[in-house]
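Chain residues, written in single-letter form:
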Amino acid sequence: MSESRAPGRGSSSMAPLAKYKLVFLGDQSVGKTSIITRFMYDNFDRHYQATIGIDFLSKTMYLEDRTVRLQLWDTAGQERFRSLIPSYIRDSSVAVVVYDVSNRASFTNTSKWVEDVRSERGNDVVICLVGNKTDLGNDKRQVSTEEGEERAKKDGLMFMECSAKAGYNVKSLFRKLATALPGNNDAKLTAFELFAVAVASNMVDASGKDAPLANISA
Ligand SMILES: Nc1nc2c(ncn2[C@@H]2O[C@H](COP(=O)(O)OP(=O)(O)OP(=O)(O)O)[C@@H](O)[C@H]2O)c(=O)[nH]1
Ligand SMILES: [Mg+2]
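Residues numbered from 1 in each chain as written. Chains lettered and ligands numbered in written order. Predicted model: local features only at pLDDT ≥ 70, side-chain atom pairs only at ≥ 80, totals over all residues. Heavy atoms only, no water.

Novice: So what's going on with the overall build of the chain? Residues and values would help.
Specialist: Check the secondary structure of the chain and you find seven helices and six strands. Starting at the N terminus and ending at the C terminus, the chain contains elements arranged as β-α-β-β-α-β-α-α-β-α-β-α-α. Per element, the accessible surface of the chain, about 11,500 Å² overall, is 50% carbon and sulfur. (Helix = DSSP H or I, 4+ residues; strand = E, 2+ residues; numbered from the N terminus. Areas by Shrake-Rupley, 256 points an atom, 1.4 Å probe, with all protein chains shown as cover.)

Pasting the structure below:
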């Protein structure tokens, strides 16, 4: 990660910041909120406070070659909030499906979460399977790393194990997600939006005349 630079536009400070929506899914208590809290504030709370409905957080990430704004949707694992989730899945380009490595049922249920994502988004989505709570050690473990890896490979998912408690692999998870983000958003801009961006960046005179290249703002 390095200093801020606009995506695909040299050093223009006028370029729009690419925004990506990430939705966190998984059973109750697997650690979705804890992973996000570790990433955002480098904190951990061992007391369980169930997420009610959906929480929203956002963070700018400074990558080697671009800066991205991540919009994080932290969903509730409790059954009673399930009906809220599909619309957030529909809106997200990345789904992070979390299970607890010490809870086999939470791993089994990731199939259901992955199916929900596929049914809303098809293949137009990055899905990462995440096994959390590795700090609990081998005696508590019910799902091996190999099993998680195999499952991810079979379904074409990214895979990572982490511990929100120990702070293990949480930054790496977000870095990995950021590098897998679907291209740079500029590719998805309409011709009109591209023109508007070019005008705002002084690349094009709004009257229609091209400005000399040297005028592109630094
Ligand atoms: N040992 C250990 N405990 C963890 C870890 N991550 C979370 N926990 C604990 O597990 C419990 C549930 O964590 P949450 O982050 O609230 O889980 P959640 O998935 O957001 O739960 P819902 O909001 O109900 O869906 C809390 O008591 C956390 O302290 C971890 O990496 N290791
Ligand atoms: Mg939560």
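Don't stop here, the text continues.
Novice: Provide a residue-level description of the environment of Asp116, including the pertinent values.
Specialist: Within the secondary structure layout, Asp116 lies in helix H4 (residues 110-121). Note on Asp116: relative accessible area 28%, which makes it partly exposed. Residues Asp116 and Pro86 lie 30 residues apart in sequence; the distance between their C-alpha atoms is 7.5 Å. (Buried < 20%, exposed > 50% of the residue type's maximum accessible area, 1.4 Å probe, protein only.)

Novice: Just give me the short version of the coordination of the magnesium ion (ligand 2), but keep the residues and values in it.
Specialist: Summarising the metal site, the magnesium ion (ligand 2) is bound by the protein donors Thr33 (OG1) and Thr51 (OG1), whose distances to it range over 2.0 Å. Here Thr51 lies in the loop between helix H1 (32-41) and strand S2 (54-62) and Thr33 lies in helix H1, a separation of 18 residues in the sequence. Given the relative accessible area of 12%, Thr51 is considered buried. (Donors = N, O, S within 2.8 Å, 3.2 Å for Na, K, Ca; no water.)

Novice: Pulling in residues and values, what's your account of the pairing of strand S3 (residues 67-75)?
Specialist: Looking along a regular strand, one sees side chains alternate from face to face of the sheet. Within S3, eight of the nine residues are buried, which leaves the element mostly enclosed by the surrounding structure. Here S2 pairs with S3 via nine bridges, running antiparallel. Residue pairing for S3: Ser58 is matched across the bridge by Gln71. Linking two consecutive strands that pair antiparallel, namely S2 and S3, is a turn of four residues. (Pairing = 2+ DSSP bridges.)

Novice: Tell me about the layout of surface pockets, and name the residues and values.
Specialist: Here the idea is plain: a probe the size of a water molecule rolls over the atoms and shows the empty space left. By volume, the largest pocket amounts to about 610 Å³. Lining the largest pocket are 28 residues, and of these Gly31, Ser34, Asp45, His47 and Tyr48 lie nearest its centre. The greatest single-element share of the lining of the largest pocket, amounting to four residues, is contributed by H1. Here the lining of the largest pocket is built from residues that sort into seven nonpolar, 15 polar and six charged. (1 Å grid on protein atoms, 1.4 Å probe; cavity = no way out; pocket = protein on both sides within 12 Å on 5 of 7 lines; lining within 4 Å. Points joined across faces, edges and corners; volume = space filled by probe spheres on them. Nonpolar A, V, L, I, M, F, W, Y, C, P; charged D, E, K, R; others polar.)

Novice: Tell me about the site of ligand 1, residues and numbers included.
Specialist: Surveying the vicinity of ligand 1 reveals 24 residues, the closest of which are Lys32, Ser34, Tyr48, Gly77 and Asp135. Note that an oxygen atom of ligand 1 is positioned 3.3 Å from one of the backbone N or O atoms of Val30. Here an oxygen atom of ligand 1 and a backbone polar atom of Asp45 are 2.8 Å apart. When isolated, ligand 1 has an accessible area of 650 Å², and the protein chains bury 93% of it. Its atoms largely coinciding with the cavity grid, ligand 1 occupies the largest pocket. Here the element with the most residues in the shell around ligand 1 is H1; it accounts for three residues. Residues of the shell around ligand 1, tallied by class, amount to seven nonpolar, ten polar and seven charged. (Near = heavy atom within 4 Å. Polar contact = N/O pair within 3.5 Å; in protein donor to acceptor, adjacent residues only side chain to side chain. Sits in = over half its atoms within 2 Å of the grid points.)

Novice: Mind laying out the packing of aromatic side chains, listing which residues take part and the relevant values?
Specialist: Per the stated rule, a full pass over the model turns up five aromatic pairs. Across the ring face of Trp113, the terminal group of Lys112 is positioned such that the distance to the ring centre comes to 3.9 Å. (Phe/Tyr/Trp six-rings, centres within 6.5 Å; stacked < 30°, edge-to-face > 60°. Lys NZ or Arg CZ within 6 Å of the ring centre and 35° of its normal.)

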